[in-house]
Amino acid sequence: MVGKTIGRAIDEGELPVYIERFGASRDEIFVTADRCATNWATPVFETLPTGALGLYTYYERLAQGLRQLMAGSRKFALDFISRDDIAALTRESAEISGIQHVMDVDRSQVEEILELSPVEDILDL
């Protein structure tokens, strides 16, 4: 929807200031436009609606975020990613999704470490 709205604003020449700082044409505003232009012939690319460009750009951003998550967890194929690789940032999202809250992710390991070595022994090091 945002891509479609931006497309209308480009056609009418009335881009908002917060969008105008990125450019004034489809190629300048949509980061993935040049990649789409190389994948399709020029006449086909020119007929693509801006909503489609916006959706494609959105999915590319999601894909990049997933690649970063996978690299950070050292799991380089989707088969190896699980719900244990992510954490919920709020208690509400943890309750709704069933994903552990960020403060609870390593709680059992921390408690195990603290049980095995009393604080006095750690301070004596």
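Chains are numbered independently. Their residues run from 1 in the order of the written sequence. In view of the model being predicted, local features appear only for residues whose pLDDT reaches at least 70, and side-chain atom pairs are presented and counted only at 80 or more, with totals across whole chains, interfaces and linings using the full set of residues. No hydrogens and no water enter the side-chain calculation; it runs on all heavy atoms of the structure.

1. A look at the pattern of salt bridges
Threshold: Any carboxyl oxygen of Asp or Glu that lies within 4 Å of a side-chain nitrogen of Lys or Arg is treated as forming a salt bridge with it. Segments assigned H or I by DSSP are reported as helices when at least four residues long, segments assigned E as strands when at least two residues long, and all are numbered from the N terminus. The buried label goes to any residue with under 20% of its type's maximum accessible area, the exposed label to any with over 50%, and the partly exposed label to all in between, with areas taken from a 1.4 Å probe on protein chains only.
Across all of its chains, the model carries three salt bridges by this definition. Residue Lys75 is joined to Asp85 by a salt bridge in which the shortest nitrogen-to-oxygen separation is 2.9 Å. Of this pair, Lys75 sits in the loop between α6 (50-72) and α7 (91-97) while Asp85 is found in the loop between α6 and α7, placing the two residues ten residues apart along the sequence. With relative accessibility at 24%, the residue Lys75 sits in the partly exposed group.

2. Topic: the side chain of Thr50
Stated formally: By definition, residues are in contact when any of their heavy atoms lie within 4.5 Å.
Looking at the element boundaries, Thr50 is found in helix α6. If we ignore the near neighbours within four places in the chain, the residues touching Thr50 are Gly3, Lys4, Gly7, Arg26 and Phe30.

3. What about the nonpolar core?
Short version of the rule: We define the nonpolar core as a collection of buried residues of types Ala, Val, Leu, Ile, Met, Phe, Trp, Tyr and Cys that are connected through side-chain atoms lying within 4.5 Å of one another.
In terms of nonpolar packing, the biggest core is built from ten residues, these being Ile6, Ala9, Ile10, Leu15, Ile19, Ile29, Phe30, Ala33, Cys36 and Leu53. Of all the secondary structure elements, the ones that give two or more residues to this core are α1 (2-12) and α4 (33-39). Here this core gets three residues from one element, more than from any other, and that element is α1.

4. Things to note about α6
Note the cut-off: Expected span of a helix: the number of residues minus one, times 1.5 Å.
Across its 23 residues, α6 extends 33 Å between first and last C-alpha, which sits within 8% of the 33 Å expected from 1.5 Å per residue. Residues Thr50, Leu53, Gly54, Thr57 and Met70 constitute the buried set of α6. Positive phi shows up at Arg74, right after α6, with a value of about 60°.

5. Some details on the confidence of the model for the protein
The test is simple: What pLDDT conveys is the predictor's confidence in a given residue, as a value from 0 to 100.
Across the protein, the average pLDDT comes to 82, with 91% of residues at or above 70. When pLDDT is averaged over each element of the protein, α7 comes out on top at 95 and helix α9 (residues 119-124) at the bottom at 58.

6. Brief notes about a negative patch on the surface
What counts is decided by this rule: Only residues above 30% relative accessible area that lack a salt bridge enter a patch, with like-charged residues linked at up to 9 Å and the nonpolar side chains Val, Leu, Ile, Met, Phe, Trp and Tyr linked at up to 5 Å. Per-residue and other accessible areas were derived by the Shrake-Rupley procedure at a 1.4 Å probe size, with only the shown protein chains allowed to occlude residues. For this count, His and the chain ends are skipped, Lys and Arg are scored as positive, and Asp and Glu as negative. Every charge is mapped onto a representative atom, which is NZ of Lys, CZ of Arg, CG of Asp or CD of Glu.
A cluster of acidic residues, Asp27, Glu28, Asp34 and Glu46, forms a negative patch at the surface. Looking at the secondary structure, you find Glu28 in helix α3 (residues 26-29).

7. Concerning the side chain of His101
Structurally, His101 is set in the loop between α7 and α8 (107-116). Residue His101 is classed as buried on the basis of its relative accessible area of 9%. With near-sequence residues (within four places) excluded, His101 lies in contact with Ala88, Leu89, Thr90, Arg91 and Ala94.

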